[in-house]
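# Working through the structure, step by step
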Amino acid sequence: MGIITISREFGSGGENIARFVAEKTGFLLVNKDTIARGLTQYGIEKPLPDPENQIGKEQDSHFEQQYIEAIHDFIYDLAIRNNLVILGRGGSILFRDYPPALHVRIIAQFTRRVQRVMKAYNLASETAVKLVKEQDRDKSRYYRQVFDVNWNNLRLYDLLLSTDKMEFEDAADLVINAYRIHAEPREVKDGPGVGEIEERAVIPPADAEADQFMHPSEEEFAHMLDFYRIRWQYEPRTFFLEWDSEGNVVEAFSPDFYLPDQDLFIELTTQKPRQAWKKNRKIRRMKELYPHINVRLIDKRGFESLLKKHSIDQDEKEGEES
Amino acid sequence: MREKMPYEEDQLKILFTPEQIEEKISELGKIISDHYAGRELIMIGVLRGSTYFLIDLTRKMHIPFAIDFISISHYSEQADSTGVVRITKDLDLNITGKDVLIVEGIVDTGLSLGYLLRNLKTRNPASLKVCTLLNVEARRIVDVPVEYKGFDIANIFVVGYGLDYNERYRNLQFIAEFNRPK
């Protein structure tokens, strides 16, 4: 995976440069639209018009926090499979520990930026001044709130480019050349080196009696299968989902249960739907790669409806299947 | 669509009206009668959710049949988590060599129905099929063959027309989505 992150002052032309870089390198451009689209696919809706601009302004920030986490997971997941040009979103921090990544900051003089904004958005000078200041303040706030770093700390970046006297396309060419010089000697050979592999390959227990459930809900589910006399195995198999360019497995998935009589794998999730998108993604990926394998996700709601009568109390009893 | 009722009315959202239910059951009654014409049909109601459905279904049928009931224990109703499913009320009729139709109010996980099917199969009926008024495919864990079904519904909790919450709401003439009180 190749990573170029571009942070920019508002009106510096960073967006145009990022687009040029993505076009010329064939890297995938990750901007706020890519992210919103990607998260929507996983059923995560944007909480606010633009979190980068809004973050920290709202008192109720719990969901924002989750949304930010989802953004980060999404970017890391994308990076496993793709080369990326990441515009904004704290990319330089997200990939700070990944040596081949090139972190670029695009700047321009304030007056130059105001002129560009006036022209681009057809604004009066006072409005443009206000807008530029506001946008910079929002970016700064985003970095402080989300990463606890100072956005204006230029040590976060490998390359600083001013567009005062430079065409955007030339700036893009400089970025691309800098990336080649910077990244090639630092290519990571043994895995992604960054991003989290949530579920590593699990070695199945040799003896079924020795099953160590990872989660109480899994134990409960096993009891229920026992009750209905349905044979099961706990995490008997690991499916590989992602490989790096060297063929090393970087992502794997071990469904919780296998029901041999049904020839069915079952994954339980007791996470809320908003957090379950990662598992959904894994299951989708598994279905792509192993179309002949039956796998089913039992979500929080389904699981609660299975166990409610038993696990809460008698008042919660329900007689659905009676 | 809301309807006033003596219960916590704001927790119920009507899914199927009495008219819709009756129409569907008439269709099912006709189809089943046609399929089982000239055979020895035993209809088995699974207690307790299927009772209203079974009675109304049989009244829409135009062939002879026998009725029986069966009941099994549920995982959710047991005191501890070490038991196994068992039949709490067995059939009175001998089904060997007969054409058996299991009648359910709702099929969701398929766990209890799967057990019933396995159990009844050992008694060597001539045929063994399932009819359910409601089918919740999204909750299925065990694949069970459902030959006749009234309505497919999403992964929601429903009451009425024989289906209960804490033994309540069975006598509603419609089927409604029920939101549990927090």
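On a predicted model such as this, the values are computed, not experimentally measured, just so you know.

## Quick notes on the overall build of chain A
Across its full length, chain A carries eleven helices and eleven strands. Looking at the 322 residues of chain A, the share that counts as buried comes to 34%. In chain A, the share of contacts with a sequence separation of at least 24, taken over all contacts with a separation of at least 6, comes to 70%.

## What about the interface of chain B and chain A?
Across the contact, 29 residues belong to chain B and 21 residues belong to chain A. Residues that form the side of chain B that touches chain A fall into these classes: twelve nonpolar, ten polar and seven charged.

## Let's talk about the pairing of strand β2 (residues 41–46) of chain B
Side-chain direction in a regular strand flips from residue to residue, so the side chains alternate between the two faces of the sheet. All names here are of chain B. Among the six residues that make up β2, six are buried, leaving the element largely enclosed by the rest of the structure. Sheet analysis places β2 next to strand β5 (residues 99–107), joined by five bridges and oriented parallel. Opposite Leu41, over in β5, you have Asp99 as the bridge partner. Pairing geometry for β2 and strand β3 (residues 66–72), over five bridges, is parallel.

## Notes on the nonpolar core
Ranked by size, the top nonpolar core spans 64 residues in total, and within it B:Leu101, B:Val103 and B:Val158 carry the most contacts. Among the elements that line this core, the one with the most residues is β5(B), at six residues. Here B:Val103 is in contact with B:Met43, B:Ile44, B:Gly45, B:Val46, B:Ser50, B:Phe53, B:Leu54, B:Leu57 and B:Cys131, once residues within four sequence places are set aside. Listed in part, the 39 residues of the second largest apolar core include A:Phe27, A:Leu84, A:Val104 and A:Ala171.

## Observations concerning helix α1 (residues 14–25) of chain A
All names here are of chain A. For α1, which comprises twelve residues, the first-to-last C-alpha distance of 16 Å matches the rise-based estimate of 16 Å (1.5 Å per residue) to within 8%. Listed as buried for α1 are Gly14, Ile17, Ala18, Phe20, Val21 and Ala22. Elements that come into contact with the buried residues of α1 comprise β1 (3–8), β2 (28–30), β3 (84–87), β4 (102–107) and α8 (168–183). Downstream of α1 by a residue or two, Gly26 has a phi angle that is positive, lying close to 80°.

## Remarks on the confidence of the model for chain B
Residues with a pLDDT of 70 or more make up 90% of chain B, whose mean pLDDT is 90. Across the interface, the model reports ipTM at 0.84; the global pTM reads 0.55.

## Let's talk about the sheet that holds strand β11 (residues 295–298) of chain A
Residues and elements named next belong to chain A. What the four strands build is an open sheet, ordered β6-β9-β10-β11; its pairing is mixed. Each edge of the sheet is formed by a strand with only one pairing partner; in this case those strands are β6 (233–234) and β11. Where strand β10 (residues 264–268) meets β11, four bridges bridge the pair, whose relative direction is parallel. Bridging from a neighbouring strand, Phe265 pairs with Val295 of β11. Lying on the sheet, helix α10 (residues 277–289) is in contact with β10 and β11; it crosses β11 at an angle near 170°.

## Side note on unusual backbone geometry
With an omega of 0°, the peptide bond between B:Leu47 and B:Arg48 qualifies as cis. Checked against the element boundaries, B:Arg48 lands in the loop between β2 and α2 (51–59). A positive phi angle, near 50°, is found at A:Asp263, a position not held by glycine. Residue position: A:Asp263 is located in the loop between β9 (257–259) and β10. Classification of A:Asp263 as exposed rests on a count of 11 C-beta atoms within 10 Å. Backbone geometry places B:Asn124, a non-glycine residue, at a positive phi of 55°. Its place among the elements puts B:Asn124 in the loop between α3 (111–121) and β6 (127–135).

About the thresholds
- Residues numbered from 1 in each chain as written.
- Chains lettered and ligands numbered in written order.
- Predicted model: local features only at pLDDT ≥ 70, side-chain atom pairs only at ≥ 80, totals over all residues.
- Helix = DSSP H or I, 4+ residues; strand = E, 2+ residues; numbered from the N terminus.
- Buried ≥ 20, exposed ≤ 12 C-beta atoms within 10 Å, placed from the backbone.
- Contact = placed C-beta atoms within 7 Å.
- Nonpolar A, V, L, I, M, F, W, Y, C, P; charged D, E, K, R; others polar.
- Pairing = 2+ DSSP bridges.
- Core = buried A, V, L, I, M, F, W, Y, C linked by C-beta atoms within 7 Å.
- Expected span 1.5 Å × (residues − 1).
- pLDDT = per-residue confidence, 0-100.
- Axes fitted to C-alpha atoms, helices over the stretch in contact; angles between N-to-C directions.

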